[in-house]
Amino acid sequence: MDESNPEFPRTDVVREIGANDVVNPAADEDLGSRIYGMPILHVDKARTVRVLKRSMNPGCAGIDNRRFYRDNTRIVFGDAMATPSKIVEGLQ
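A brief structural summary. Note that the structure is a prediction, hence the values are computed from the model and not measured. Here, residues in each chain are numbered from 1, in the same order as that chain's written sequence. Restriction of local features to residues with pLDDT of at least 70 applies here, the model being predicted, together with a cutoff of 80 or more for giving and counting side-chain atom pairs; totals for whole chains, interfaces and linings are based on all residues. Only heavy atoms go into the side-chain values, all of them from the structure, while hydrogens and water stay out.

1. Let's talk about the pattern of salt bridges
Next up, step 1: Each reported salt bridge corresponds to a side-chain nitrogen of Lys or Arg within 4 Å of a carboxyl oxygen of Asp or Glu. In total, this model carries seven salt bridges according to the counting rule given.
Next up, step 2: Glu7 is the salt-bridge partner of Arg10, the closest N and O atoms lying 2.6 Å from each other.
Next up, step 3: A residue is classified by how much of its surface remains accessible, and Glu7, at 40% relative accessible area, is partly exposed.
Next up, step 4: We note a salt bridge from Asp30 to Arg66, for which the minimum N-O separation is 3.1 Å. Taken together, the positions of Asp30 in the loop between α1 (26-29) and β2 (48-53) and Arg66 in the loop between β2 and β3 (73-77) put the pair 36 residues apart, joining distant regions of the chain.
Next up, step 5: Given the relative accessible area of 27%, Asp30 is considered partly exposed. Relative accessibility thresholds used throughout: buried, under 20% of the residue-type maximum; exposed, over 50%; partly exposed, between the two (1.4 Å probe, protein chains only). Here a helix means four or more residues in a row that DSSP labels H or I, a strand means two or more in a row labelled E, and each is numbered from the N terminus.

Structural data, given as structure tokens:
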């Protein structure tokens, strides 16, 4: 994280597959959150975040990830094994 986080503000696109709590800004922003203070990857600092998730269900900590509703986030719902290949096929 120490090496990755400084790079995100200079990153055009982050592809996030299945992550939830480890990228949840509640760790920095919500004093009452059970994950407050937990180190996270600050992917929200990238220009665009492309998320691949099965559903909008919360992660292991059981809290919603507000980052999914931010302007720079786009979500694709699907299987983590099959969907990336389908996306690449669609680009060819």
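Following the structure, the description resumes.
2. A word on the sheet that holds strand β1 (residues 13-17)
Next up, step 1: Paired strands, as defined in this entry, are two strands with at least two bridges between them according to DSSP. Overall, parallel pairing links the three strands, which are arranged β1-β2-β3 in an open sheet. Since the sheet does not close on itself, it has two edges, and those belong to β1 and β3, each with one partner. Averaged over all pairs of adjacent strands, the angle between their axes in this sheet comes to 20°, without regard to strand direction.
Next up, step 2: Sheet topology places β1 next to β2; five bridges connect them, and they run parallel. Bridge assignment links Glu16 to a residue of β2, and that residue is Val51. For helices, the axis comes from a line fit to the C-alpha atoms of the stretch in contact; other axes are also lines fit to C-alpha atoms, and the angle between any two N-to-C directions lies between 0 and 180 degrees.

3. Focus: the layout of surface pockets
Next up, step 1: Both cavities and pockets are sets of points on a 1 Å grid over the protein atoms alone; in a cavity a 1.4 Å probe fits but cannot get out, in a pocket the set is open with protein on both sides within 12 Å along at least five of seven lines, and lining residues sit with an atom within 4 Å of a point. Grid points are joined across faces, edges and corners, and a volume is the space filled by probe spheres set on the points. Reported here for the largest pocket is a volume of approximately 200 Å³.
Next up, step 2: Around the largest pocket, the lining residues are Ile17, Gly18, Asn20, Leu52, Lys53, Arg54, Ser55, Asn57, Pro58, Gly59, Gly78 and Ala80.
Next up, step 3: Grouping the amino acids of the lining of the largest pocket by side-chain chemistry returns four nonpolar, six polar and two charged. In this count, Pro and Cys sit with the nonpolar residues alongside Ala, Val, Leu, Ile, Met, Phe, Trp and Tyr, while Asp, Glu, Lys and Arg are called charged and the others, Gly among them, polar.

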